[in-house]
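# Working through the structure, step by step
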Amino acid sequence: MPEQPYEPEGAIAGTGMGGAMDLATAEGETLERTPGGPAGTGPQQKPRSLWSDAWRDLRRNPVFIISAVVILFLVFISLWPSAITWMSPLKCDLAKAQEGSQPGHPFGFDGQGCDVYTRTVYGTRTSVTVGVCATLGVALLGSVLGGLAGFFGGVSDSFLSRITDIFFAIPVVLGGLVLLSVVTSNTVWPVVGFIVLLGWPQIARIARGSVITAKQNDYVQAARSLGASNSRILLRHIAPNAVAPVIVVATIALGTYIALEATLSFLGVGLKPPNVSWGIDISAASPYIRNAPHMLLWPAGALALTVLAFIMLGDAVRDALDPKLR
């Protein structure tokens, strides 16, 4: 019988159990050295998380890019309005009341002779301040209450559910007319407080459902069996995996809160003069919409653009953070 040619691979495989183990070890080392092995990743590549995947998708989404650019511009002019206008929003000239566009005054003048462009720019500060502060307050309060109720359950969960039902039954605009009509402070904080008071139940329900879903996962049960405390389980294991729906809802709600502030100011119970607000300017311009439509169109257009930008941003974030939409 002719001798078979010597093959190193066959020699290793044919030496019994030890040789097979050596072969498996060699193959494993080869796969580890190969970045594109069967698993698709090597040791040089870190495992991707939900947040890294979401950020990668957001960077490729034109809706996110456009809305983010608009929002960054709004934040810039709300912080430094004097960078794009040199006039004061309270400087008025009755001789120019209701006049249209002129050199140096592209948006014309309102009923008091104030520059509409300047008031539109300064109105951004009020809207962004109310929207951001109200969203932070709503997200913080709703997440804490909803997360605790969903984690502990029992009587606390039932009590929170009944409280949220009561707040959901209060009409927002009617509640604002009643509560803010007795407030004497002429700042943005009563409006922010009112929005937080009626806005937290929505976030609380979202946070409660996310926590209930997350605490049923195997890693939570494993941490509990290893003796982890409730605070560690809630903060280290549940909260990072339950916060995504809260971020999505809060981002979309930010635009809604800006529109709510303008609505309350339009009705006369939100911000009041001498504060500068798009709702105040729209209210003052509404009787003159036929004779001087520019007085209403510019602040109303700025309000619509701002609300649309935040809603588009929230939709993009939702699509990126929802694994079911991938």
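In short, a report on the structure. Just so you know, these numbers come straight off a predicted model, no measurement behind them.

### What about the overall build of the protein?
Each helix and strand in the protein was counted, giving 12 helices and zero strands. Each helix (α) and strand (β) of the protein, taken in turn from the N terminus, gives the series α-α-α-α-α-α-α-α-α-α-α-α. A sequence separation of at least 24 residues applies to 68% of the contacts in the protein between residues at least 6 apart. For the protein, the accessible area works out to roughly 18400 Å², and carbon and sulfur atoms hold 66% of it.

### Some words on the pattern of salt bridges
Under the defined criterion, the tally for this structure stands at eight salt bridges. Note that arginine 205 is salt-bridged to aspartate 165, the shortest N-O span being 2.4 Å. A residue pair is termed long-range when its members are at least 10 positions apart, and arginine 205 in helix 8 (residues 189-214) and aspartate 165 in helix 6 (residues 154-168) qualify at 40 residues. We note a salt bridge from aspartate 319 to arginine 318, for which the minimum N-O separation is 3.3 Å.

### A closer look at the packing of helix 5 (residues 116-152) against helix 6
The interhelical angle for the contact between helix 5 and helix 6, taken along N-to-C directions, is 140°, at an axis separation of 7 Å. One way to sum up the angle between helix 5 and helix 6 is to call them oblique. Taken as a pair, helix 5 and helix 6 cross one another with a handedness that is left-handed. Listed contacts from helix 6 to Leu145, Gly146, Ala149 and Phe152 of helix 5 are Gly154, Ser156, Asp157 and Leu160. A per-class count over the contact of helix 5 with helix 6 returns four nonpolar, three polar and one charged.

### As for helix 5
For helix 5, spanning 37 residues, the distance from its first C-alpha to its last is 53 Å, which sits close to the expected 54 Å at 1.5 Å a residue. Backbone geometry just after helix 5 places glycine 153 at a positive phi near 65°.

### What about the packing of aromatic side chains?
Two measures describe an aromatic ring pair: the distance that separates the ring centres and the angle between the ring planes. Tallied over the full model, the rule gives six aromatic pairs. Where phenylalanine 151 meets phenylalanine 152, the ring centres are 5.0 Å apart and the plane angle is 90°; that geometry is what we call edge-to-face. With relative accessibility at 7%, the residue phenylalanine 151 sits in the buried group. Ring geometry for phenylalanine 167 against tryptophan 200: centres 5.5 Å apart, planes inclined by 65°, an arrangement best described as edge-to-face. With a gap of 33 residues between them, phenylalanine 167 in helix 6 and tryptophan 200 in helix 8 connect regions that are remote in the sequence. Ring pairs connect the aromatic residues Phe107, Tyr117 and Trp298, which therefore count as one cluster.

### What to know about a nonpolar patch on the surface
On the surface, Val172, Val173, Leu174, Leu177, Val178, Leu179, Leu197, Phe266 and Leu267 cluster together into a nonpolar patch covering about 700 Å² of accessible area. Broken down by element, the nonpolar patch gets its largest block of residues, six residues, from helix 7 (residues 172-180). Tracing the sequence through the fold places leucine 267 in the loop between helix 10 (230-266) and helix 11 (278-285).

### Notes on the state of the cysteines
Inspection of the entire model under this criterion finds one disulfide. The disulfide that involves cysteine 92 links it to cysteine 114, with 1.6 Å between the sulfurs. Across the disulfide from cysteine 92 to cysteine 114, rotation about the S-S bond amounts to roughly 65°, and the bridge is consequently right-handed. Within this pair, whereas cysteine 92 is found in the loop between helix 4 (62-79) and helix 5, its partner cysteine 114 is found in the loop between helix 4 and helix 5, the two being separated by 22 residues in sequence. Given a relative accessible area of 38%, cysteine 92 falls into the partly exposed group. Overall, cysteine 114 belongs to the buried group, its relative accessible area being 4%.

### Looking at the side chain of threonine 126
Take threonine 126: it is sitting in helix 5. Classification of threonine 126 by relative accessible area gives buried; the value is 12%. With residues up to four places along the chain from it excluded, the contact list for threonine 126 reads Val188, Glu261, Leu271, Val276 and Ser277.

### Thoughts on the nonpolar core
Judged by nonpolar contacts, the single largest core of 26 residues is most densely connected at Phe64, Ile258, Leu303 and Leu321. In terms of residue count, helix 12 (residues 294-321) provides more of this core than any other element does, 12 residues in total. Once residues within four sequence positions are removed from consideration, isoleucine 258 is found in contact with Ser127, Gly131, Leu303, Thr306, Val307 and Phe310. Counting residues in each nonpolar core, the second largest holds 24 residues, with Val188, Ala207, Val246 and Leu264 among its members.

### A closer look at unusual backbone geometry
Note: most peptide bonds trans; most residues except glycine with negative phi. Put simply, proline 273 and proline 274 share a cis peptide bond, and its omega is 10°. Take proline 274: it is sitting in the loop between helix 10 and helix 11. Of note in the backbone geometry, glutamine 98 takes a positive phi value of approximately 65° without being a glycine. Locating glutamine 98 in the fold gives a position in the loop between helix 4 and helix 5. Residue glutamine 98 is classed as partly exposed on the basis of its relative accessible area of 30%.

Conventions used here
- Residues numbered from 1 in each chain as written.
- Predicted model: local features only at pLDDT ≥ 70, side-chain atom pairs only at ≥ 80, totals over all residues.
- Heavy atoms only, no water.
- Helix = DSSP H or I, 4+ residues; strand = E, 2+ residues; numbered from the N terminus.
- Contact = heavy atoms within 4.5 Å.
- Areas by Shrake-Rupley, 256 points an atom, 1.4 Å probe, with all protein chains shown as cover.
- Salt bridge = Lys/Arg side-chain N within 4 Å of Asp/Glu carboxyl O.
- Axes fitted to C-alpha atoms, helices over the stretch in contact; angles between N-to-C directions.
- Parallel < 35°, antiparallel > 145°, perpendicular 65-115°, else oblique.
- Left-handed = near helix turned anticlockwise from the far one by under 90°.
- Nonpolar A, V, L, I, M, F, W, Y, C, P; charged D, E, K, R; others polar.
- Expected span 1.5 Å × (residues − 1).
- Phe/Tyr/Trp six-rings, centres within 6.5 Å; stacked < 30°, edge-to-face > 60°.
- Buried < 20%, exposed > 50% of the residue type's maximum accessible area, 1.4 Å probe, protein only.
- Patch = residues over 30% accessible without salt bridge, like charges linked within 9 Å, V, L, I, M, F, W, Y side chains within 5 Å.
- Disulfide = S-S within 2.5 Å.
- Core = buried A, V, L, I, M, F, W, Y, C linked by side-chain atoms within 4.5 Å.

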